Amino acid sequence: LFNNYGDRLMYLTVLEHCDRLGVSCTLLDASPYDPNAIGQLVKDSKPDAAWFALGYAIASSFKVKRLQALSKSVEVIRHAGVHLSLLPQAVGPFTDEETKSFASKMLPMFDYIAVRDSESMEA
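Throughout this document, residue positions are counted from 1 along each chain, in the order its sequence is written. Where totals are concerned, whole chains, interfaces and linings use all residues; where local detail is concerned, this predicted model gives features only for residues with pLDDT of at least 70, and gives and counts side-chain atom pairs only at 80 or more. Excluding hydrogens and water, the side-chain figures rest on all heavy atoms present in the structure.

K.L.:
Residue-level account of the packing of aromatic side chains, with values.
P.N.:
Paired rings are identified among Phe, Tyr and Trp, the last through its six-membered ring, by centres lying within 6.5 Å, and are further divided according to the angle between planes into stacked (under 30 degrees), edge-to-face (over 60) and tilted (the rest). Here the structure, examined in full by the defined rule, presents zero aromatic pairs. By definition here, charges over rings are those cases where NZ of Lys or CZ of Arg is within 6 Å of the ring centre and within 35 degrees of the ring normal. For the cation-ring pair, Arg66 lies above Tyr33, with the distance from its terminal atom to the ring centre recorded as 4.0 Å.

In structure tokens:
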């Protein structure tokens, strides 16, 4: 289910936090780059909140097509009224206008973003 140990730790932390709050949490596995799968999961499970653990930087090194798909998934989740968080993530640098534009529109749609380093806070 988990591609790497870091993803596993992030999700387990979220589930532990939910347990401490007395909130029911379920792990739903879908690629954040597949807006159709995300939309179906949101429709079927009706979650209150969702978390993405992408595990690497949202930066100009992203391929634009991949960033477009991620942005569409974020829009699908937000349109359904689901709270959305981005687990520890590196953000930036943005060296081209196209990627910077996508990020500046998409990142504010998250309710919470945890960044890995001080450079990401500035991006």
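K.L.:
Just give me the short version of a nonpolar patch on the surface, but keep the residues and values in it.
P.N.:
A cluster of nonpolar residues, Tyr5, Leu9, Leu12 and Leu15, forms a patch on the protein surface that exposes about 360 Å² of accessible area. Going along the chain from the N terminus, every DSSP run of H or I of four or more residues is numbered as a helix, and every run of E of two or more is numbered as a strand. Its place among the elements puts Leu12 in helix H1 (residues 5–21). Working definition: with a 1.4 Å probe on protein chains only, accessible area under 20% of the residue-type maximum means buried, over 50% means exposed, and in between means partly exposed. Residue Leu12 is classed as partly exposed on the basis of its relative accessible area of 36%. Exposure above 30% relative accessible area and the lack of any salt bridge qualify a residue for a patch; like charges then connect within 9 Å, and the nonpolar side chains Val, Leu, Ile, Met, Phe, Trp and Tyr within 5 Å. The protein chains shown are the only cover counted for residues, whose accessible areas, like all others here, come from Shrake-Rupley with a 1.4 Å probe. Between Lys or Arg on one side and Asp or Glu on the other, a salt bridge is scored when a side-chain nitrogen of the former is within 4 Å of a carboxyl oxygen of the latter.

K.L.:
Account for the side chain of Ser71, naming residues and giving values.
P.N.:
The topology assignment puts Ser71 in helix H3 (residues 64–79). Accessibility expressed as a relative area gives 9% for Ser71, which makes it buried.

K.L.:
Please provide a residue-by-residue account of H3, values included.
P.N.:
Compared with an ideal rise of 1.5 Å per residue, which puts 16 residues at 22 Å, H3 spans 22 Å between its outermost C-alpha atoms and is within 8% of the ideal. The complete set of buried residues in H3 reads Leu67, Ala69, Leu70, Ser71, Ser73, Val74 and Ile77. Two residues or fewer after H3 comes Gly81, characterised by a positive phi angle close to 80°. Helix span is expected to be 1.5 Å times the residue number reduced by one.

K.L.:
Outline the pattern of salt bridges, supporting the account with residue identities and numerical values.
P.N.:
With the rule as written, the count across this model stands at two salt bridges. With a shortest N-O distance of 2.8 Å, Glu16 and Arg20 are connected by a salt bridge. Of this pair, Glu16 and Arg20 both sit in helix H1, four residues apart, roughly one helical turn. The exposure class of Arg20 is exposed, given its relative accessible area of 66%. Across the pair Arg78 and Asp111 runs a salt bridge, and its minimum N-O distance is 2.4 Å. Of the two residues, Arg78 is situated in helix H3 and Asp111 in the loop between helix H4 (97–106) and strand S3 (112–115); the sequence distance between them amounts to 33 residues.

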